[in-house]
Amino acid sequence: HAEVEQVYQGVQRIDERARELKEGSGLKLRVLCSPSTGLEVVPSAICALNHLYPDSRIYLETQLAREMVAQLVRHEADIAISTLEIEHALLTSERLGNWRMVCVYPAGHAFDAYRTIPTRELLAEKLIGFAPDTPQGKLLAEWSETNATSIQPPRIEVRSGQAACALVASGAGISVVDELTARAWQGHRIGYRPLSRAPTFSAYAVRHVHFPLSALAQAFVERVKSEFASPNKLKK
C-alpha cells in the first residue's frame, strides 16, 4: 500500500507540473517552518520574495520538527526552516544563523536598565515557567544547577514562547523565551534583554536530498539568512 501510495503521489506531481507549465504558473514554493520562525523571520522573507517574484505561488505552514520530517520525506514540501537540527537519511540541512534565549518582561520593569540580565537576578524573580520537558524548562533547570540557585515554583506554567509573551504583556510576570518570539512581540507592552551566558542555537534550512532547491527556493533561503543576520534593535 505504501509503495502504491508513493507512485500515486508521483503521478499527481507530474500532472500538477504539466498543468503549471501549460498555464505558465510554474513558480511555486511549499514552505514549512518552526512556530517561532513563523512569527517574523519567515514572513519577512516571503514578503521580500513575493516582490521579487510577483507571479510566484507560495504556501506556508508552521509545523513541529517531526511533522516537518514526514512532509519533506514525502516531498509534500520543498523546504523547511527549523530551529531544531533534523537528522534523517533522506534529508539535508544548511545552517542559516543563530538564535538564543532571552528574558521578556512587562514594559517599565527594572530590567529595562540592563543590557544583559544576570542569571542570578533572573532566577530570583517569580517566573512564568515552562513544562520540564520543553527546551525552555530544561534550560532553566540547567542554569539553576550551574548557578547553585533554586528556581521558585512557577505560579503559571506554559508550553510555548507565544503563550509566555502574551502573559508577560498582560502583566502576569516575566519569562524566558526564544529570541525570535521575543523580537516578534517587542513593543510598548513588553521588553526583552539577552541573558548572561545564554547558549546560542542554530536554525536550519532542511530539504530532501533527491530534490535540489529551485531558484525560487534558493532565493527564499538567502532571504531567511538575511533575516537572521539583521542586528537586534535593543533599547539602550
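For the structure itself, consult the block above.
These figures come from a predicted structure and were not determined experimentally.

Explain the overall build of the protein chain here, please?
Each helix and strand in the protein chain was counted, giving 8 helices and 9 strands. When each of the 236 residues of the protein chain is scored for burial, the buried share is 43%. Accessible area for the protein chain stands at about 12700 Å²; split by element, carbon and sulfur atoms hold 53% of it.

What am I meant to see in the packing of aromatic side chains here?
Where two aromatic rings form a pair, the distance of their centres and the angle of their planes describe that pair. Here the structure, examined in full by the defined rule, presents 3 aromatic pairs. Pairing Phe 111 with Tyr 114 gives two aromatic rings, centres 5.7 Å apart and planes at 85 degrees, and the pair type is edge-to-face. For Tyr 114, a relative accessible area of 26% corresponds to the partly exposed category. Through a chain of ring-to-ring contacts, the aromatic side chains of Tyr 105, Phe 111 and Tyr 114 assemble into a single cluster.

Can you walk me through the pairing of strand S9 (residues 200-208) in this structure?
Two faces, one strand: in a regular strand the side chains alternate between the faces of the sheet. Both strand S3 (residues 79-82) and S9 contribute to a ladder of 3 bridges, which runs antiparallel. Looking at the pairing, Ser 82 lines up with Tyr 204 of S9.

Whenever I open this one, the layout of surface pockets confuses me. Can you help?
Any empty space left between atoms is shown by rolling a water-sized probe over those atoms. Approximately 560 Å³ is the volume attributed to the largest pocket. Among the secondary structure elements, those contributing two or more residues to the lining of the largest pocket are helix H3 (65-73), strand S4 (91-106), helix H5 (135-146) and helix H6 (161-169). The element contributing the most residues to the lining of the largest pocket is H3, with 3 residues. Of the residues that constitute the lining of the largest pocket, the class distribution is 8 nonpolar, 11 polar and 3 charged.

I'm lost on the nonpolar core in this one. Help?
Soluble globular proteins: nonpolar side chains tend toward being buried together. Of all hydrophobic cores here, the largest spans 37 residues; its most connected members are Ile 81, Leu 122, Trp 143, Leu 195 and Phe 220. Going through the elements one at a time, strand S1 (28-33), helix H2 (41-52), S3, S4, helix H4 (119-124), H5, S9 and helix H8 (215-229) are the ones with two or more residues in this core. Element by element, the count of residues in this core is highest for H8, at 7 residues. Ranked by size, the runner-up nonpolar core spans 13 residues in total, among them Val 102, Cys 165, Val 168 and Ala 169.

Sorry, what's going on with the pairing of S4 here?
Relative to S9, S4 runs antiparallel, the two being bridged by 9 bridges. Across the sheet, residue Trp 99 finds its bridge partner in S9, namely Phe 201. Here S4 pairs with strand S7 (residues 175-178) via 4 bridges, running antiparallel. Looking at the pairing, Val 102 lines up with Val 177 of S7. Where S4 meets strand S8 (residues 190-194), 5 bridges bridge the pair, whose relative direction is antiparallel. Within the sheet, the bridge partner assigned to Tyr 105 lies in S8 and is Gly 191.

Sorry, what's going on with the pattern of salt bridges here?
A side chain of one charge can pair with a side chain of the opposite charge when the charged atoms of the two come close. If you walk through the whole model with that rule in mind, you get 9 salt bridges. Between Asp 133 and Arg 159 there is a salt bridge, and its shortest N-O distance comes to 3.0 Å. Linking Asp 133 in the loop between strand S5 (129-130) and H5 with Arg 159 in the loop between strand S6 (157-158) and H6, this pair joins segments that are 26 residues apart in sequence.

Quick question: what am I supposed to make of the environment of His 109 here?
Counting through the fold element by element, His 109 comes out in the loop between S4 and H4. When the C-alpha positions of His 109 and Ile 190 are compared, they lie 8.9 Å apart, and in sequence the two are 81 residues distant. Excluding residues within four positions of it along the chain, His 109 makes contact with Glu 125 and Ile 174. Only 3.0 Å separates the side chain of His 109 from the backbone nitrogen of Phe 111, close enough to count as a polar contact.

What counts and what doesn't
Residues numbered from 1 in each chain as written. Predicted model: local features only at pLDDT ≥ 70, side-chain atom pairs only at ≥ 80, totals over all residues. Heavy atoms only, no water. Helix = DSSP H or I, 4+ residues; strand = E, 2+ residues; numbered from the N terminus. Buried < 20%, exposed > 50% of the residue type's maximum accessible area, 1.4 Å probe, protein only. Areas by Shrake-Rupley, 256 points an atom, 1.4 Å probe, with all protein chains shown as cover. Phe/Tyr/Trp six-rings, centres within 6.5 Å; stacked < 30°, edge-to-face > 60°. Pairing = 2+ DSSP bridges. 1 Å grid on protein atoms, 1.4 Å probe; cavity = no way out; pocket = protein on both sides within 12 Å on 5 of 7 lines; lining within 4 Å. Points joined across faces, edges and corners; volume = space filled by probe spheres on them. Nonpolar A, V, L, I, M, F, W, Y, C, P; charged D, E, K, R; others polar. Core = buried A, V, L, I, M, F, W, Y, C linked by side-chain atoms within 4.5 Å. Salt bridge = Lys/Arg side-chain N within 4 Å of Asp/Glu carboxyl O. Contact = heavy atoms within 4.5 Å. Polar contact = N/O pair within 3.5 Å; in protein donor to acceptor, adjacent residues only side chain to side chain.

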